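Spelled out from the first residue to the last, the chains are:
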Amino acid sequence: MKDCIFCTIVAKKIPNYTVYEDSHVLAFLDIHPRAKGHTVLIPKVHAETIFDLNEEIAKSLLPAVERTADRIEHVLSPDGYNIGWNHGEAGGQEVSHLHIHILPRWHGDGGTNIHGIVNHPGEMSVEEVGALFS
Ligand code: AMP
Ligand code: ZN
């Protein structure tokens, strides 16, 4: 998609440090790393969110995450990872081309975990929210 920075990277019009690539995805080092080896993995086709991606490519993402983490594992040997993505403006997504962050973690790196993202459960009890799904 024109004007999309990640489509421009896929088109090789701007350089990247590739960690993993196959026919559906490209994983490359984040330009503003929050950890050594911070990687973003993207589908090569433009899709703003997971809801906009066709099922075949969506299904290819998890195996690609595993292969990307395997590369990082062999090169950097981190102690752990946080893996996930910011979905939509409210979720903190800045680049509107779906990208999965793979953050290598080390003991004592001072970071937090997924529970540190938000702490605003609202007024409803878990039981009340559960009832909405029944
Ligand atoms: P998000 O807030 O989830 O949309 O994150 C977008 C990420 O893309 C940020 O971590 C940026 O540092 C990263 N990013 C933006 N432009 C580039 C680029 N040209 N190469 C690598 N990473 C980039
Ligand atoms: Zn794009």
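Everything numeric here is computed off the predicted structure, so don't read it as measured data.

Draft legend 1. Region of interest: the nonpolar core. Of all hydrophobic cores here, the largest spans 15 residues; its most connected members are V25, L41, L53 and L61. Listed by contribution, the elements that provide at least two residues to this core are β1 (18-21), β2 (25-29), α2 (55-76) and β5 (100-105). Per element, the largest residue contribution to this core is five residues, and it comes from α2. If sequence neighbours within four positions are ignored, L41 has contacts with V25, L26, A27, L61, A64, V65, T68, L98, H99, I100 and I102. Core analysis: the next-biggest nonpolar cluster, separate from the first, contains eight residues, C7, I9, L26 and F28 among them.

Draft legend 2. A look at the coordination of the zinc ion (ligand 2). Summarising the metal site, the zinc ion (ligand 2) is bound by the protein donors C4 (SG), C7 (SG), H46 (ND1) and H97 (ND1), whose distances to it range over 2.0 to 2.3 Å. Each of the four donor atoms bound to the zinc ion (ligand 2) contributes to angles spanning 105 to 117°, and the resulting shape is tetrahedral. For the zinc ion (ligand 2), the single-chain donor residues occur in sequence as C-x2-C-x38-H-x50-H. With C4 in the segment before α1 (5-10) and H46 in the loop between β3 (39-43) and α2, the pair connects residues that are 42 residues apart, well separated along the chain.

Draft legend 3. Structural view of the packing of aromatic side chains. Scanning all chains against the criterion turns up one aromatic pair. Taken together, a centroid distance of 5.4 Å and an interplanar angle of 80° make the contact between F6 and F28 edge-to-face. Of the two residues, F6 is situated in helix α1 and F28 in strand β2; the sequence distance between them amounts to 22 residues. Assessed through its relative accessible area of 9%, F6 is described here as buried.

Draft legend 4. Region of interest: the UniProt feature "domain: HIT" (unreviewed entry) in the protein. Under the UniProt annotation, the feature "domain: HIT" (unreviewed entry) is placed at residues 5-112. As annotated, residues 5-112 comprises 26% helix and 23% strand, and the C-alpha atoms at either end are separated by 28 Å.

Draft legend 5. Layout of the site of ligand 1. Around ligand 1 there are 15 residues in total, and D30, E94, V95, H99 and H101 lie nearest to it. Between an oxygen atom of ligand 1 and a side-chain N or O atom of D30, the distance comes to 2.4 Å. In the model, an oxygen atom of ligand 1 is placed 2.8 Å from a nitrogen or oxygen of the H101 side chain. Listed by contribution, the elements that provide at least two residues to the shell around ligand 1 are α1 and β2. Residue contributions to the shell around ligand 1 peak at three residues, all from α1. Counted by class, the shell around ligand 1 contains seven nonpolar, six polar and two charged residues.

Draft legend 6. The arrangement of the pattern of salt bridges in detail. For the structure shown, the criterion picks out five salt bridges. Overlapping salt bridges, with partners in common, bring together K12, E21 and K44 in one network.

Draft legend 7. Seen up close, the UniProt feature "active site" (unreviewed entry) in the protein. Within this structure's numbering, the places UniProt gives as "active site" (unreviewed entry) are H99. Within the structure, the side chain of H99 is placed 2.7 Å from the backbone oxygen of H97, a separation counted as a polar contact.

What counts and what doesn't
Residues numbered from 1 in each chain as written. Chains lettered and ligands numbered in written order. Predicted model: local features only at pLDDT ≥ 70, side-chain atom pairs only at ≥ 80, totals over all residues. Heavy atoms only, no water. Core = buried A, V, L, I, M, F, W, Y, C linked by side-chain atoms within 4.5 Å. Buried < 20%, exposed > 50% of the residue type's maximum accessible area, 1.4 Å probe, protein only. Helix = DSSP H or I, 4+ residues; strand = E, 2+ residues; numbered from the N terminus. Contact = heavy atoms within 4.5 Å. Donors = N, O, S within 2.8 Å, 3.2 Å for Na, K, Ca; no water. Tetrahedral: all angles 85-135°; square planar, octahedral: opposite > 155°, others 65-115°. Phe/Tyr/Trp six-rings, centres within 6.5 Å; stacked < 30°, edge-to-face > 60°. UniProt positions renumbered as here; feature names shortened; annotations may be inferred. Near = heavy atom within 4 Å. Polar contact = N/O pair within 3.5 Å; in protein donor to acceptor, adjacent residues only side chain to side chain. Nonpolar A, V, L, I, M, F, W, Y, C, P; charged D, E, K, R; others polar. Salt bridge = Lys/Arg side-chain N within 4 Å of Asp/Glu carboxyl O.

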